Amino acid sequence: MDQIYSIKKMRNEEGYSLNKIVTETGYDWRTVRKYADHDVLPKEKNSKKRGMMYTKGFEGQTYGEIVDHLLFEDSKEKKKDRRLNKGIHRILKQQYKFEGSYRLVCQYIKDTHNEVKEYKQYERLEHPPGEGQLDFGNYRVSYKGKIKNIKLLVLTFPYSNRAFAVALPRENKECFLSGLKFLFKLAEGVPKALRIDNLAAAVVQSRGRGKEAIFTDDFNQFAAHYRFEPIACNPFSGHEKGSVENKVGYIRYNFFDDIPEFHSYTPFNDWLNQKLEEDSARIHYQENFLISELWEEERTQLLALPETAYPVFKYKEVKTNKYGEIRLDDQSIHIPRIGRNRKVILQLFWDRFKCVDRMGEIIYEGPRPYMDESQEIDWIEVFKTYRQKPRLIIHSKYQKFIPQKIKSYLLETSLTERKTRTDQMISLLELYSLSEIEEKFVEIVLQTTEFVEKDESSSLMIYDALSPKVRAK
């Protein structure tokens, strides 16, 4: 700028010719002419966004916009239910044929959705082979068109980073000890030492103020039968079992980012542990060996399983009410042939129960009520999110739960109309459930819109075609 200023001063204030300015300064004649007789104004930089994240990827949307939609939906979720960058990259590859790298997705998210995080430094612990860590995690699955909350009891072996998991309905004593039995069977051995959190099913009194943890009698007896040493962590010290803490999150973000289907516990546990076995065919995060190779070495250090499995159950005395019902797992169950205001004994297993009288005769047996528990999705809140981002419906983790008629009604239209129809659905959801709207779709949706008024017969034929066909017997 000093050079430009001197050229303009010579030209305008001292009246030098272009040739004389060239002689005085030694600059190129074209440079002198450019700055002497023309205005030099600052220009705005028009930086055009380029790269694969800004190319059209699906129905006119860029891959970056798809990522924005996914992150927007996750912002409405609890932190533990949000997708990691790895899960978003996997969705882009599998559903939208994205050919970019994981690093490219991470960079885009960092540039456009940057969050400042605080990190606390911990000392790295060394783990001998044959030592295990155990913890519960909360997860969501798709069950009969609804959301079901399940617990995963996760067992890790930090030396090899091998993990096993079992899905359970609760964290009570029956589920906890039955889950441990299942995990030991999967690992084909028992860890020499098992580090656990201060679980209510295992710990009566946590460590602190110079006192050691006190375990429940049932857990002590279980540990003695399987010959492992139980170790309780200090309160609020998750880093003491960092291996299993990390694995609980790793399982959530790699296998549960799209809310997997759930039919019953046995096939689901088979599926999950198959995933974990396949995952062991990768390099250990510290050692230059496969996890599966380190596990083959570590499993030789495990204790042998006892010849007799530990029987897990609990007895509980309850009293029937005036309707002949008992309360179990916060639900009422009618017990036939027992009458009202009678005491009975329940034998509780993790998945079922028996009701016996004082003579030991079995009066009733069946699955525990929590086995079939599920919860409705808060569709009003979900559709409010769709109203803010109309394109999100296509990419949403909840779109698999939306009945086909309603999904087509929302998607097969312009974005402006989609917003209007989403508002309509929010209003209807205040009066009906989503299943009722699907069942009475013509009466409460189509007949109240201009869409039907324009061509009622063809409209109804279109949406009737979306209904599942029932074959005549």
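So, here's what we can say about the structure. (Residues numbered from 1 in each chain as written. Predicted model: local features only at pLDDT ≥ 70, side-chain atom pairs only at ≥ 80, totals over all residues. Heavy atoms only, no water.)

## A few points about the overall build of the protein
Stated formally: The helix and strand labels rest on DSSP assignments: H or I over at least four residues marks a helix, E over at least two residues marks a strand, and numbering proceeds from the N terminus. In this scheme, a residue with accessible area under 20% of its type's maximum is buried, one over 50% is exposed, and one in between is partly exposed, where area comes from a 1.4 Å probe on protein chains only. The contact rule is simple, with two residues in contact once any of their heavy atoms fall within 4.5 Å. Accessible surface area values rest on a Shrake-Rupley calculation with a 1.4 Å probe, where residue burial reflects the displayed protein chains alone.
Scanning the protein from terminus to terminus reveals 19 helices and 15 strands. Relative to its full complement of 473 residues, the protein shows a buried share of 44%. Restricting the contact set of the protein to residue pairs at least 6 apart, pairs at least 24 apart contribute 61%. Accessible area for the protein stands at about 28100 Å²; split by element, carbon and sulfur atoms hold 47% of it.

## Quick look at the side chain of His284
Note the threshold: For this analysis, a polar contact is any N or O atom pair within 3.5 Å, provided that within protein one partner can donate a hydrogen and the other can accept it, and provided that sequence-adjacent residues contribute only side-chain to side-chain pairs.
Residue placement: His284 occurs in the loop between helix H10 (265–279) and helix H11 (291–298). Since its relative accessible area comes to 4%, His284 is described here as buried. A polar contact is formed between the side chain of His284 and the backbone nitrogen of Gln286, at a distance of 3.0 Å. What His284 contacts, discounting residues up to four positions off in sequence, is Pro158, Tyr159, Ser160, Asn161, Phe289, Ile291 and Leu294.

## Observations concerning the sheet that holds strand S10 (residues 314–319)
Rules: Only strands that DSSP links by at least two bridges are regarded as paired with each other. Interaxial angles span 0 to 180 degrees and are taken between N-to-C directions of axes, which are lines fitted to C-alpha atoms, for helices over the stretch in contact.
Spatial strand order, S10-S13-S14-S15: four strands in an open sheet with antiparallel pairing. Strand pairing shows two members of the sheet lacking a second neighbour, S10 and strand S15 (362–367), which therefore form its edges. Averaged over all neighbouring strand pairs, the angle between strand axes comes to 25°, with direction disregarded. Relative to strand S13 (residues 343–348), S10 runs antiparallel, the two sharing six bridges. Considered in S13, the bridge of Val318 is made with Val344.

## What to know about the packing of aromatic side chains
Selection rule: Aromatic contacts are taken between Phe, Tyr and Trp rings whose centres are within 6.5 Å, Trp giving its six-membered ring; a plane angle under 30 degrees counts as stacked, one over 60 as edge-to-face, and the others as tilted. The criterion is that NZ of a Lys, or CZ of an Arg, lies within 6 Å of the ring centre and within 35 degrees of the ring normal, and then a charge sits over that ring.
Applying the stated criterion across every chain, the model contains 30 aromatic pairs. When the ring of Phe176 is compared with that of Phe219, the centres are 5.6 Å apart and the planes differ by 45°; the resulting orientation is tilted. Separated by 43 residues along the polypeptide, Phe176 in helix H7 (residues 173–187) and Phe219 in helix H8 (residues 217–226) bring together distant segments of the chain. Here the two residues Phe176 and Phe219 agree in accessibility, since each one is buried. Sitting over the face of the ring of Tyr16, Lys20 holds its NZ or CZ atom 4.3 Å from the ring centroid. The residue whose ring lies beneath Lys389 is Phe72, and the NZ or CZ to ring-centre distance is 5.3 Å.

## Some words on the nonpolar core
Stated precisely, the cut-off is as follows: Among the buried residues, those of types Ala, Val, Leu, Ile, Met, Phe, Trp, Tyr and Cys that are joined through side-chain atoms within 4.5 Å form a nonpolar core.
Ranked by internal contacts, the top residues of the largest apolar core, which has 55 residues, are Phe176, Ile251 and Phe256. Per-element tally for this core: the top contributor is H7, with seven residues. Apart from residues lying up to four places away in sequence, Phe256 is in contact with Tyr139, Arg140, Val141, Ile150, Leu152, Ile251, Phe268 and Leu272. Formed by 27 residues, the second largest nonpolar core is a distinct cluster that contains Ile259, Val382, Leu410 and Leu434.

## Here we look at the pairing of strand S14 (residues 352–356)
Counting buried residues in S14 gives four out of five residues, a clear majority hidden from the surface. Where S13 folds back on S14, the antiparallel hairpin that results is connected by three residues. For S14 and S15, the ladder comprises five bridges, and the chain directions are antiparallel. Paired with Cys355 across the bridge in S15 is Tyr364. Linking two consecutive strands that pair antiparallel, namely S14 and S15, is a turn of five residues; a positive phi of about 90° is found at Gly360 within it.

## Some thoughts on the sheet that holds strand S3 (residues 131–143)
Hydrogen bonds between backbone groups are what pair the strands of a sheet, and the pairing can be parallel or antiparallel. The mixed open sheet is built from five strands, whose spatial order is S5-S4-S3-S6-S9. With one partner strand each, in any of the chains shown, strand S5 (162–168) and strand S9 (229–232) form the two edges of the open sheet. Here the strands of the sheet are splayed against their neighbours by 30° on average, with no regard to which way each runs. Strand direction decides the pairing type here: S3 and strand S4 (residues 146–157), joined by eleven bridges, are antiparallel. Its bridge partner being in S4, Asn138 is matched across the sheet by Lys151. Lying on the sheet, H11 is in contact with S3, S4 and S5; it crosses S5 at an angle near 90°.

## Notes on helix H4 (residues 63–75)
Where we set the bar: Helix span is expected to be 1.5 Å times the residue number reduced by one.
Counted at 1.5 Å a residue, the expected span for H4 with its 13 residues is 18 Å, and the 18 Å between its end C-alpha atoms agrees. Burial within H4 is extensive, with ten of its 13 residues counted as buried. Turning to H4, its buried residues are Tyr63, Gly64, Ile66, Val67, His69, Leu70, Leu71, Phe72, Glu73 and Asp74.

Just geometry here; none of it tells us what the structure is for.
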